[in-house]
Each structure stands twice: as C-alpha cells, then as structure tokens.
Amino acid sequence: SRYSKNVLWIARNEMFARHGRVFDNKDLYNYFMAMMWYEPKYTPEEYDAKYSTRVFNEYEKANYKLIRQVEKEKGYR
C-alpha cells in the first residue's frame, strides 16, 4: 500500500504485458515497448476476448487481486 497510483497501475498492467497484450494507452504502450522482454501479440480486443485474466497463474491472480484491492482502498480506480 506504500506504492503510488502510477506504480500500482504499471504493476497491474505488467501482468497483461507479459502475456502479450498491446495497449491503447500511449503511456503504457511506450513504457512496455521499452522493455526488452515485451512481445506485443494481441490487440486489446483480442486479448480481452480470449484471455483477460484467465492466463494468469496463481501468483499473478493473487497479485492482481491485491493490487486492485489497494487501488480501490486508496480510491484510485
């Protein structure tokens, strides 16, 4: 809970980026394109329709849930 709104936002979206989601948001797109590991594969529509959070392993699911909880508690989203 000590992390900023932006850090939580990046951390949450990194899980999607690691599974190949492309981002419409310019800041997220530029951030992840600068990462050597990032391999954009799926448009947001393709990713959301086929994968969403279903591809997350148990650790990613727990982390996603925790990040969303902290964001909500802080009134971020």
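Here's a quick rundown of the structure. These figures come from a predicted structure and were not determined experimentally. (Residues numbered from 1 in each chain as written. Predicted model: local features only at pLDDT ≥ 70, side-chain atom pairs only at ≥ 80, totals over all residues. Heavy atoms only, no water.)

1. Overview of the overall build of the protein
When its secondary structure is counted, the protein shows four helices and zero strands. Counting from the amino terminus, the protein carries its helices and strands in the arrangement α-α-α-α. With the C-alpha coordinates of the protein rotated into their principal frame, the extents come out at 30 × 25 × 20 Å. Looking at the protein as a whole, 29% of its 77 residues qualify as buried. Here the contacts in the protein between residues at least 6 apart in sequence split such that 42% fall between residues at least 24 apart. Of the charged side chains in the protein, 15 are positive and 11 negative; the average position of the first set lies 5 Å away from that of the second. (Helix = DSSP H or I, 4+ residues; strand = E, 2+ residues; numbered from the N terminus. Buried < 20%, exposed > 50% of the residue type's maximum accessible area, 1.4 Å probe, protein only. Contact = heavy atoms within 4.5 Å. Lys, Arg positive; Asp, Glu negative; His and termini not counted. Charge placed at Lys NZ, Arg CZ, Asp CG, Glu CD.)

2. As for the pattern of salt bridges
Considering all chains together, one arrives at five salt bridges under this definition. With a closest N to O distance of 2.9 Å, Glu14 and Arg18 form a salt bridge. Salt-bridge contacts for Arg21 lead to Asp48; the nearest nitrogen and oxygen are separated by 3.3 Å. Pair noted here: Arg21 is in the loop between helix 1 (5–17) and helix 2 (26–33) and Asp48 is in helix 3 (residues 44–50), with a separation of 27 residues, a long-range link. When its relative accessible area of 14% is taken as the criterion, Arg21 is described as buried. (Salt bridge = Lys/Arg side-chain N within 4 Å of Asp/Glu carboxyl O.)

3. Description of the nonpolar core
Core analysis: the biggest nonpolar cluster contains 14 residues, and Phe23, Leu28 and Phe32 have the highest contact counts within it. Among the elements of the structure, helix 1, helix 2 and helix 4 (58–73) are those that each provide at least two residues to this core. Broken down by element, the residue count for this core peaks at six residues, all from helix 1. Ignoring sequence-local partners within four residues, the contact set of Leu28 consists of Trp9, Ile10, Asn13 and Phe23. (Core = buried A, V, L, I, M, F, W, Y, C linked by side-chain atoms within 4.5 Å.)

4. Notes on the packing of aromatic side chains
This model, assessed by the stated rule, comprises 12 aromatic pairs. Judged by centre distance (5.9 Å) and plane angle (45 degrees), the ring pair of Phe32 and Tyr38 falls under tilted. Residue classification places Phe32 among the buried positions, given a relative accessible area of 0%. On the basis of an interplanar angle of 45 degrees and a centroid distance of 5.6 Å, the ring pair of Tyr47 and Tyr51 is categorised as tilted. Counting every residue linked through ring pairs, the aromatic cluster contains Phe16, Tyr42, Tyr47, Tyr51, Phe56 and Tyr64. (Phe/Tyr/Trp six-rings, centres within 6.5 Å; stacked < 30°, edge-to-face > 60°.)

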